[in-house]
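Structure at a glance
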Amino acid sequence: MGYQKPKGTNDIYTGEVEKWQYVESVARDIFKRYDFHELRTPMFEHLEVISRGVGGTTDIVTKEMYDFHDKGDRHITLRPEGTAPLVRAYVEHKFFGPEHKNPFKTFYIGPMFRYERPQSGRLRQFHQIGIEAIGSSNPATDVEGILVALDFYKALGVKHTKLVINSLGNVASRKKYRQALIDYLEPHFDELSGDSQRRLHENPLRVLDSKDEKDQKYVVNAPSILDYLDEESHAFFEEVKALLDALDVEYVIDHRMVRGLDYYNHTVFELMSNAPGFNGAITTICAGGRYDGLVTELGGPESHDTGFGFALGIERAIITMEAEGIEFPKAPALDVYVINLGEGTSTEALKLVQSARNAGLIADRDFLNRKVKAQFKSANKEDAKIVLVLGEDELKNNEVVVKNMATGSEEKVALHDIHSNFADIFSKQLEA
Ligand code: ATP
Ligand code: MG
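Residues numbered from 1 in each chain as written. Chains lettered and ligands numbered in written order. Predicted model: local features only at pLDDT ≥ 70, side-chain atom pairs only at ≥ 80, totals over all residues. Heavy atoms only, no water.

Some details on the packing of helix H2 (residues 47-54) against helix H4 (residues 83-92)
When two helices pack together, their arrangement is captured by the angle between the axes and the distance separating the axes. Put simply, the rule is: Think of each axis as a best-fit line through the C-alpha atoms, taken over the contacting stretch in the case of a helix, with angles from 0 to 180 degrees between the N-to-C directions. Numbering of helices and strands runs from the N terminus; a helix is a DSSP stretch of H or I covering at least four residues, while a strand is a stretch of E covering at least two. These descriptions rest on fixed angle ranges, namely under 35 degrees for roughly parallel, over 145 for roughly antiparallel, 65 to 115 for roughly perpendicular, and the rest for oblique. Contacts: residue pairs with any heavy atoms within 4.5 Å of one another. Ten residues, namely Ala, Val, Leu, Ile, Met, Phe, Trp, Tyr, Cys and Pro, are considered nonpolar, four, namely Asp, Glu, Lys and Arg, are considered charged, and the remaining ones, Gly among them, are considered polar.
The interhelical angle for the contact between H2 and H4, taken along N-to-C directions, is 110°, at an axis separation of 9 Å. With respect to each other, H2 and H4 are oriented roughly perpendicular. On H4, the residues that touch Val-49, Ile-50, Gly-53 and Val-54 of H2 are Ala-84, Pro-85 and Arg-88. Tallied by class, residues from the contact of H2 with H4 come to five nonpolar, one polar and one charged.

The structure is reproduced here in structure tokens:
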């Protein structure tokens, strides 16, 4: 008996990994057009970066951290999300300086780690694609970020999406709302879920995010944060909406939508999917918002203490495409397979696949000295477009049989010609 992968993790291999490569390449292509540049941060961080960044009362920090003390007794955690690490890097490398792009527009693609109860679309090592635009307080930055997410899913062919937005306002607005929410929920304290009882005074907005039925009953009639926005917060949200309208972007407002991370303020958004394959279930396929205050929280300058970003799970993006019946591009087939049979042919076979590869073709050969039938079977399995057959006789005559697998036609070609001109011979064969 061998070993098994840790619970909540996946091995991603042929058949599946091509989907990942495709989704990632579409993301890179979209980010390039929006002038977002990649930033790769370490897989682990000082725990404090995350607890200060994400917020000490969030589930991510209180329950889901993969943290440990290293041999130098540093308190380390595998990163559970991408924003705090990127803002840490932004501050550490002074990307707010005049030689850098401002706002600093950056993206990441990579694994995140959360100790959760694994289920479909919920893993302990999962993968996110995300963007951050740091240093702009312009609502156009929020809208640009939302457009990136919409364009990404559009490029993947995902159609059944809904954009949901809300505003959490500035600190002053949220403080007032927080109190209103406590006043509203407190009389029902005994009927709330255990989690919500705990959160009521720690972070009452989190109660709105509860999926527990006990809480849902009260959440439905909770006061709306939108009624507590002060003038500045209200104006900001109006501007975001006006910009979305100006770009003909459809959205709905859900005043109960808060996000699971403490750093958000003003605009928050989610893209929801009701793809046919989800059978009526609604899934969040992208989430983000504005996080003014995070830069100074992590030691950066007040002059650049603004930002907007989102993250989306690659696993969920793929599940969503599947639920919409979208076809993924297939891995390219072999161009050339070299069958080699008998004494001395292995060396020449190696030279032949190398010539094919040097000509930019995808090529492979038999390595196991199998019978001709088995070698043809391998060539077929990989959909090889042409097969070269090299036996002892061919080798003696310095030639090789070139077979077009689609038509079955065969032709003898001198080894010298094929080595010096593989690309031409290949394309002529395919035309024939
Ligand atoms: P949820 O409410 O589903 O727990 P969240 O608020 O914790 O989501 P974020 O931290 O905002 O999620 O992460 C953004 C996206 O990352 C989610 O919309 C989802 O697609 C993905 N994601 C989050 N946690 C996981 C996980 N454990 N496994 C797979 N994907 C995840
Ligand atoms: Mg979560």
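Comments concerning unusual backbone geometry
Among all residues except glycine, the phi angle is most often negative; among peptide bonds, the trans geometry is most common. Cis geometry is found at the peptide bond from Asn-102 to Pro-103, where omega equals -5°. By secondary structure assignment, the location of Pro-103 is in the loop between H4 and strand S5 (104-113). For Asp-35, which is not glycine, the phi torsion reads 65° and is therefore positive. Among the secondary structure elements, Asp-35 is positioned in the loop between helix H1 (17-33) and strand S1 (37-38).

A short note on the environment of Asp-209
Note the following rule: Burial here depends on accessible area, computed with a 1.4 Å probe over protein chains only, as a share of the maximum for the residue type. Under 20% is buried, over 50% is exposed, and the range in between is partly exposed.
Position of Asp-209 among the secondary structure elements: in the loop between helix H8 (205-208) and helix H9 (213-219). Owing to a relative accessible area of 28%, Asp-209 belongs among the partly exposed residues under this scheme. Each C-alpha atom of the pair Asp-209 and Arg-290 lies 18 Å from the other, and the pair is 81 residues apart in sequence.

So, the packing of aromatic side chains
Threshold: Stacked, edge-to-face and tilted labels apply to pairs of Phe, Tyr and Trp rings (six-membered ring for Trp) whose centres lie within 6.5 Å, assigned for plane angles under 30 degrees, over 60, and everything in between, in that order. In this scheme, the term charge over a ring applies when either NZ of a lysine or CZ of an arginine sits within 6 Å of the ring centre and within 35 degrees of the ring normal.
For the structure shown, the criterion picks out 12 aromatic pairs. Seen from their ring centres, Tyr-66 and Tyr-115 are 5.6 Å apart, and the 75° between their planes marks the pair as edge-to-face. With a gap of 49 residues between them, Tyr-66 in the loop between helix H3 (59-62) and strand S3 (67-69) and Tyr-115 in the loop between S5 and strand S6 (125-134) connect regions that are remote in the sequence. By relative accessible area, which is 27% here, Tyr-66 ends up partly exposed. When its relative accessible area of 44% is taken as the criterion, Tyr-115 is described as partly exposed. In this structure an aromatic cluster arises from ring pairing among Tyr-90, Phe-95, Phe-96 and Phe-104. Its end group placed over the ring of Phe-328, Lys-19 keeps NZ or CZ at 5.3 Å from the ring centre. Lying over the aromatic face of Phe-367, Arg-365 brings its terminal NZ or CZ to 4.6 Å of the ring centre.

Here we look at the side chain of Ser-173
Going by this rule: Two N or O atoms form a polar contact when they lie within 3.5 Å of each other; inside protein one atom must be a possible hydrogen donor and the other a possible acceptor, and for residues adjacent in sequence the pair counts only when both atoms belong to side chains.
Within the fold, Ser-173 resides in helix H6 (residues 171-185). At 3.0 Å, the side chain of Ser-173 and the backbone nitrogen of Asp-230 are in polar contact. A polar contact of 3.1 Å, which involves the side chain of Ser-173, links it to the side chain of Ser-233. In this structure, Ser-173 is in contact with Tyr-228, Leu-229, Asp-230 and Ser-233, ignoring residues within four places of it in sequence.

Brief notes about the sheet that holds strand S9 (residues 265-273)
Stated precisely, the cut-off is as follows: The rule for pairing is simple: two strands pair if DSSP sees at least two bridges between them.
Pairing within the open sheet is mixed, and its eight strands lie in the order S1-S5-S6-S11-S10-S9-S7-S8. The outermost strands of the open sheet, each flanked by one partner alone, are S1 and strand S8 (252-253). As judged from the 10 bridges shared by S5 and S6, these two strands associate in the antiparallel manner. If you follow Phe-107 over to S6, its bridge partner there is Ile-131.

Comments concerning the pattern of salt bridges
Let me state the cut-off plainly: By definition here, a salt bridge exists when the distance from a side-chain nitrogen of Lys or Arg to a carboxyl oxygen of Asp or Glu is within 4 Å.
In the structure shown here, the tally under the stated rule is 24 salt bridges. A salt bridge links Asp-35 to Lys-101; the nearest nitrogen and oxygen atoms lie 2.7 Å apart. Residue Asp-35 is located in the loop between H1 and S1, and its partner Lys-101 is located in the loop between H4 and S5; the two are separated by 66 residues in the primary sequence. Accessibility expressed as a relative area gives 33% for Asp-35, which makes it partly exposed. Between Asp-366 and Arg-370 there is a salt bridge, and its shortest N-O distance comes to 2.7 Å. The exposure class of Asp-366 is buried, given its relative accessible area of 1%. A single salt-bridge network, built from bridges that share partners, covers Asp-59, Lys-63, Asp-195, Arg-198 and Arg-199.

Observations regarding the site of ligand 1
Defined as follows: Being near a molecule or strand, for a residue, means having at least one of its heavy atoms within 4 Å of it.
The local shell around ligand 1 holds 15 residues, among which Arg-114, Glu-116, Arg-122, Leu-123 and Arg-259 are the closest. With respect to ligand 1, the backbone of Leu-123 contributes an N or O atom lying 2.9 Å from a nitrogen atom. Here Lys-211 contributes a side-chain N or O atom positioned 3.0 Å from an oxygen atom of ligand 1. If you list the elements that add at least two residues to the shell around ligand 1, you get S6, strand S10 (283-290) and strand S11 (307-313). Broken down by class, the residue content of the shell around ligand 1 amounts to five nonpolar, four polar and six charged.

Some words on the domain arrangement of the chain
Rules: Note that the domain bounds reflect an automated or database-derived domain assignment.
What the domain assignment lists for the chain is domain 1 (17-170 + 230-323) and domain 2 (336-431). Taken over C-alpha atoms, the centre of domain 1 sits 49 Å from the centre of domain 2.

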